[in-house]
Amino acid sequence: MQKRIYLSPPHMSGYEMKYIQEAFETNWIAPLGPNVDAFEHELCNYVGSKYGLALSSGTAGIHLALRYLGVGPGDYVFCSSLTFAGSCNPIMYQHANPVFIDSEPESWNMSPEALEKAFAWAKKENKMPKAVIIVDLYGQSADYERLLPICKHYGVPVIEDAAEALGATYQGKKCGTFGHIGVFSFNGNKIITTSGGGMVVSDDEEAIKKMRFWSTQAREPERHYEHKEYGYNYRMSNICAGIGRGQLIALGDRIKAKKEIRKRYEEGLKDLPVKFMPVSVKGEPNYWLTVMTINEECKVNPVDIIVALEKGNIESRPVWKPMHMQPVFANCYFFSHACDEDVGTDLFARGICLPSGSAMTQEEQERVIEIIKTVF
Ligand SMILES: *Cc1c(COP(=O)(O)O)cnc(C)c1O
């Protein structure tokens, strides 16, 4: 059996151990410390945000952001439907109601048309959301030039789920900085990793201060343990932050490598009836995953490719199954891109995520390409 090729495995830079070593030597083995502070500063500098808060996961970040924006029992929250469950599970933690918004075909991100429809409905039904969670899917920015004015018109704040899009840009600005609060993930499969972790960023100092307070069990500044509110154990450890600092140094190289991988797939598969995720002229993705769809008239199914690759010890995945199609969210409202066009469901039926690890060699990628060609 040939060496396994994963979808997007961790890729260490070699700089991580220095920071971990420092943590050991100074005995900062805790969910706070110099690496945590430095990682927050370095990431904020990189994306151009004023304040950051390092956390145990991206999901924790979305949870804190929802609570900060006042989302509570019975409230409504709009959220991109074509995403990972981490985007919307925190809506349930707050006992609120998710309302799912379809994708547009142009970027696969939230459809401005569907968002407009949802707001018109919410206004009529007296179900105005407390927040809108906009996802930057597979490393590409949503179309904020169109989405933000709609949210602003209705006076509803935006949480930007940039978990997959660290380093991507839109109109020259980095993803994660478009909402009131931006959220990143450093899970093992993301473009950089801390093994597990996340960060929220914002220019709103009060927001970060409050979320920091909740993330450390809402401890009042007293000598004894005093609690006027309930909190969470959501902080990032100083060891993980050390990994993050070493990873951040290599982020530019990772983006370059992933862009090359996408180019080689486009070249290697150009004679097949497939299309790659469109890249908007308004920005530059981080190319986290190369994703393609099989043309409608072609009878090959994504699962045929996934099974063939698996036989060659290669991991690939379908496109995210949209949240409005998930049994757990079956009773939630959903607004499609057009009356007769559910873009997310169509992308799920025809889409496949290809192995996109930044350490994948050209020979390994050739293996992937050859197997895909045999399926058609
Ligand atoms: C990974 C991911 C999350 C969750 O991040 P974790 O750090 O795994 O909690 C949320 N949203 C999206 C779009 C993701 O891809």
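Everything numeric here is computed off the predicted structure, so don't read it as measured data.

## A short note on the domain arrangement of the chain
Each assigned domain of the chain is listed with its residue range as follows: domain 1 (16–249) and domain 2 (252–375). Once you take the C-alpha centre of each, domain 1 and domain 2 turn out to be 25 Å apart. In this complex, domain 1 contributes 45 residues to the contact, which on the side of domain 2 involves 39 residues. Buried surface at the junction of domain 1 and domain 2, summed over both partners, amounts to about 3700 Å²; 63% is from carbon and sulfur atoms.

## So, the site of the ligand
The local shell around the ligand holds 15 residues, among which T59, D161, E164, S185 and K190 are the closest. Separating a nitrogen atom of the ligand from a side-chain N or O atom of S87 is a distance of 3.3 Å. Between the ligand and G197 there is a distance of 3.5 Å, counted from an oxygen atom to a backbone nitrogen or oxygen. For the ligand, the accessible surface in isolation is 380 Å², of which the surrounding protein chains cover 94%. Here the shell around the ligand is built from residues that sort into three nonpolar, nine polar and three charged.

## Considerations on the packing of aromatic side chains
Counted under the stated rule, the structure contains 15 aromatic pairs. Here the aromatic rings of F39 and F186 are separated by 5.1 Å at their centres, their planes lie at 55°, and the arrangement is tilted. Of this pair, F39 sits in helix α2 (residues 34–47) while F186 sits in the loop between β8 (181–185) and β9 (198–202); the two residues are 147 residues apart in sequence, bridging distant segments of the chain. When its relative accessible area of 0% is taken as the criterion, F39 is described as buried. Given a relative accessible area of 0%, F186 falls into the buried group. In textbook terms, an aromatic cluster arises when at least three aromatic residues are bridged by ring pairs, as seen for Y76, W121, Y333 and F335. R67 extends its terminal NZ or CZ atom over the ring of W214, reaching a point 4.1 Å from the ring centre.

Parameters at a glance
- Residues numbered from 1 in each chain as written.
- Predicted model: local features only at pLDDT ≥ 70, side-chain atom pairs only at ≥ 80, totals over all residues.
- Heavy atoms only, no water.
- Domains from an automatic or database assignment.
- Contact = heavy atoms within 4.5 Å.
- Buried area = accessible area lost by both parts, 1.4 Å probe.
- Near = heavy atom within 4 Å.
- Polar contact = N/O pair within 3.5 Å; in protein donor to acceptor, adjacent residues only side chain to side chain.
- Areas by Shrake-Rupley, 256 points an atom, 1.4 Å probe, with all protein chains shown as cover.
- Nonpolar A, V, L, I, M, F, W, Y, C, P; charged D, E, K, R; others polar.
- Phe/Tyr/Trp six-rings, centres within 6.5 Å; stacked < 30°, edge-to-face > 60°.
- Helix = DSSP H or I, 4+ residues; strand = E, 2+ residues; numbered from the N terminus.
- Buried < 20%, exposed > 50% of the residue type's maximum accessible area, 1.4 Å probe, protein only.
- Lys NZ or Arg CZ within 6 Å of the ring centre and 35° of its normal.

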